[in-house]
Amino acid sequence: MTSLADTQPQALNFECETGNYHTFCPISCVAWLYQKIEDSFFLVIGTKTCGYFLQNAMGVMIFAEPRYAMAELEEGDISAQLNDYEELKRLCLQVKRDRNPSVIVWIGTCTTEIIKMDLEGLAPKLEAEIGIPIVVARANGLDYAFTQGEDTVLAAMVQKCPEKAVPQEKEERGNSLQKLLNFGRKQEEVKAEESAYHDHPPLVLFGSLPDPVVTQLTLELKKQGIKVSGWLPAKRFTELPVIEEGYYVAGVNPFLSRTATTLMRRRKCKLIGAPFPIGPDGTRLWLEKICSVLGITPTGLAEREAQIWANLEDYLQLIRGKSVFFMGDNLLEVSLARFLIRCGMTCPEIGIPYMDKRYQAAELALLEQTCHEMGVPTPKIVEKPDNYNQIERIKALDIDLVITGMAHANPLEARGINTKWSVEFTFAQIHGFSNARDILELVTRPLRRNHALKDLGWNQLVREEAQV
Ligand code: SF4
């Protein structure tokens, strides 16, 4: 029998447009990664353009002394009159003196690409000189979109994960998460629980998630007797997991294809290809796939999923039969669309900046299966969409809810079209069984609000359409 991950999606229709769409620049990943990795410092080597973007996109966070800074290139840097190495050394020494981080992450930008600044070449030399590890990630707007920034940083960090730890240290590293889970419990209880784990090869999960979600997913696996040996990234850079050849790895987010590739190619890990743990359906299949690869029979997942669905009924009534359109800007689109179709929505189009059909194979297969089971047409998947064309299609299709960026949200609302701002899905807690409600809370909010305001009769606020 072939498993879900092995079946190639066929009936899905893939298209590729011009790539003329709005999204956040991938350097925005510093905003959540510096919070996740508590002892890190992010240095974005770019221009005022990048600085303006970060300053505005991060909102109130910029007043909280964030552990990120811009290394703003000047005329002299661009024309190579200044020495890159000396300039970076000066800045990194200042960071070391003021913040003393365990790692400095250099984020390369469009400008460093175009002037061909050799960050990867400079880093090892400077690292040795100042005594702090330097990770180089080229998270620029030329090559990547939004969440892919995290992918470039994590792919670079894979190289810094210890290969083999001395046995005791390995225990310590692997157990830092366990220690947290066992906090305040008696030694005997902990011992007894250790034996509840099945004997399976080590499993490392990758993807940056808020700590409460990390704990939830770790506990879900623990219920199945699976021990998580580590997470990439960990709470601290010094706690990066040990990764040895032959370890199993599984991703929690759809945009981590480079990290997955690096783990497989450079560290010889075995990737577990599963749908992503978004929505109760995705979470169950993610857990089941991990269980099946590790040779463990899952227990109680069907009941758990059914119970979560029953809990969502009030929200489901609001969206059943409605249509949703993803303009596409953060790569979470396929997983979210699959979940919303399972909720009873229809989805004519999923826009997505970049589609790795191999890394997302199981998710695409599940999307197709979900459409068949729910009796709705499969969506058209539009890679590198063209926002202008999409707006035309949205108008023609009379969509109930458009998931889009801030650039189009208000103009569409003014034309009587419900919108949900897509970036919120990146920062909200959407993974695992218990967070399914949060996704639907976000999705239904504009519908509930506009329903409440309907009687005012102000749903069309533009006087006439401009003729372009
Ligand atoms: S797209 Fe390029 S220039 Fe613009 S903010 Fe991003 S890295 Fe900087």
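These figures come from a predicted structure and were not determined experimentally. (Residues numbered from 1 in each chain as written. Predicted model: local features only at pLDDT ≥ 70, side-chain atom pairs only at ≥ 80, totals over all residues. Heavy atoms only, no water.)

A. Main features of the overall build of the protein chain. A count of helices and strands for the protein chain gives 20 helices and 14 strands. Relative to its 468 residues, the protein chain shows a buried fraction of 53%. For the protein chain, contacts bridging at least 24 residues in sequence account for 76% of all contacts bridging at least 6. For the protein chain, the accessible area works out to roughly 21500 Å², and carbon and sulfur atoms hold 51% of it. (Helix = DSSP H or I, 4+ residues; strand = E, 2+ residues; numbered from the N terminus. Buried < 20%, exposed > 50% of the residue type's maximum accessible area, 1.4 Å probe, protein only. Contact = heavy atoms within 4.5 Å. Areas by Shrake-Rupley, 256 points an atom, 1.4 Å probe, with all protein chains shown as cover.)

B. Here's a closer look at the pattern of salt bridges. As enumerated under the stated definition, the model contains 31 salt bridges in all. Note that glutamate 113 and arginine 138 form a salt bridge whose closest N and O atoms lie 3.2 Å from each other. Here glutamate 113 is found in helix 5 (residues 110-114), whereas its partner arginine 138 is found in strand 5 (residues 134-138), with 25 residues between them in sequence. By relative accessible area, which is 39% here, arginine 138 ends up partly exposed. Via salt bridges that share partners, Glu15, Glu17, Glu349, Lys380 and Arg393 belong to a single interconnected network. (Salt bridge = Lys/Arg side-chain N within 4 Å of Asp/Glu carboxyl O.)

C. Up close: the sheet that holds strand 14 (residues 419-421). Read across the open sheet, the six strands follow the order 1-12-11-10-13-14; overall the sheet is parallel. The sheet is open, and its two borders are formed by strand 1 (13-16) and strand 14, each paired with just one other strand. Between one strand axis and the next, the sheet turns through 20 degrees on average, direction left out of account. As paired elements, strand 1 and strand 12 (residues 380-383) share four bridges and run parallel to each other. Along strand 12, the bridge assignment pairs glutamate 15 with valine 382. (Pairing = 2+ DSSP bridges. Axes fitted to C-alpha atoms, helices over the stretch in contact; angles between N-to-C directions.)

D. Region of the structure containing the site of the ligand. In the region of the ligand, the neighbouring residues are Cys25, Ile27, Cys50, Thr109, Cys110 and Gly141. The residue makeup of the shell around the ligand, split by class, is four nonpolar, two polar and no charged. (Near = heavy atom within 4 Å. Nonpolar A, V, L, I, M, F, W, Y, C, P; charged D, E, K, R; others polar.)

E. Expanded view of the packing of aromatic side chains. For the structure on display, the rule yields six aromatic pairs. The interplanar angle of 55 degrees and the centroid separation of 5.0 Å between the aromatic rings of phenylalanine 24 and phenylalanine 146 together place this pair among those described as tilted. Separated by 122 residues along the polypeptide, phenylalanine 24 in the loop between strand 1 and helix 1 (29-36) and phenylalanine 146 in the loop between strand 5 and helix 7 (148-158) bring together distant segments of the chain. According to the relative accessible area criterion, phenylalanine 146 is buried, its value standing at 1%. (Phe/Tyr/Trp six-rings, centres within 6.5 Å; stacked < 30°, edge-to-face > 60°.)

F. Highlighting unusual backbone geometry. Proline 233 follows leucine 232 through a cis peptide bond whose omega is 0 degrees. By the secondary structure assignment, proline 233 is in the loop between strand 7 (228-232) and strand 8 (248-251). At phenylalanine 146, a position not held by glycine, the phi torsion is positive, near 35 degrees. With a phi angle near 55 degrees, aspartate 398 is a residue other than glycine that sits in the positive phi range. Mapped onto the fold, aspartate 398 is located in the loop between helix 17 (387-397) and strand 13 (401-404). A relative accessible area of 62% places aspartate 398 in the exposed class.

G. Representation of the nonpolar core. Ranked by internal contacts, the top residues of the largest apolar core, which has 107 residues, are Ile107, Leu203, Trp286 and Leu340. Apart from residues lying up to four places away in sequence, tryptophan 286 is in contact with Leu205, Leu217, Leu221, Ala250, Gly251, Val252, Ala274, Pro275, Phe276 and Pro277. The next biggest cluster of nonpolar side chains, apart from the first, holds 20 residues, and it includes Leu88, Val95, Ile104 and Leu119. (Core = buried A, V, L, I, M, F, W, Y, C linked by side-chain atoms within 4.5 Å.)

H. How the structure looks around the UniProt feature "binding site: [4Fe-4S] cluster" (unreviewed entry) in the protein chain. Here, the residues flagged by UniProt with the feature "binding site: [4Fe-4S] cluster" (unreviewed entry) are Cys25, Cys50 and Cys110. The annotated residues occupy 86 residues of the chain but converge on a single region, no pair of C-alpha atoms lying more than 10.2 Å apart. Excluding residues within four positions of it along the chain, cysteine 50 makes contact with Ile27, Met70 and Thr109. By the element assignment, cysteine 110 lies in helix 5. If sequence neighbours within four positions are ignored, cysteine 110 has contacts with Asn140, Gly141 and Leu142. (UniProt positions renumbered as here; feature names shortened; annotations may be inferred.)

I. Examining the sheet that holds strand 5 more closely. Spatially, four strands are ordered 3-2-4-5 in an open sheet, and the strand pairing comes out parallel. With partners counted over all chains shown, the strands left at the sheet margins are strand 3 (68-72) and strand 5, one partner each. Direction aside, neighbouring strands of the sheet carry axes that sit 25 degrees apart on average. Pairing between strand 2 (residues 40-46) and strand 3: five bridges, direction parallel. Each bridged residue has a counterpart across the sheet, and for glycine 46 the counterpart in strand 3 is glutamate 72. Sitting on the sheet, helix 6 (residues 119-130) is in contact with strand 2, strand 4 (103-108) and strand 5, with an inclination near 165 degrees to strand 5.

J. View of the pairing of strand 13. A two-sided burial pattern is seen for strand 13, the buried positions comprising Leu401 and Ile403 on one face and Val402 and Thr404 on the other. Direction of pairing for strand 10 (residues 323-326) relative to strand 13: parallel, over a ladder of three bridges. Paired with phenylalanine 326 across the strands is isoleucine 403, a residue of strand 13. Handedness of the crossover is the feature at issue here: the chain leaves strand 13, passes through helix 18 (residues 406-414), returns alongside strand 14, and the resulting connection is right-handed. (Right-handed = clockwise from strand over helix to strand, strands pointing away.)

K. Broad picture of the confidence of the model for the protein chain. Here the protein chain shows a mean pLDDT of 89. Residues at 70 or above account for 89%. When pLDDT is averaged over each helix and strand of the protein chain, the minimum, 57, is found for helix 8 (residues 167-181) and the maximum, 97, for helix 15 (residues 333-342). Low pLDDT, under 50, characterises residues 1-9; the stretch is placed with 15 contacts to residues that sit more than four places away or in other chains. (pLDDT = per-residue confidence, 0-100.)

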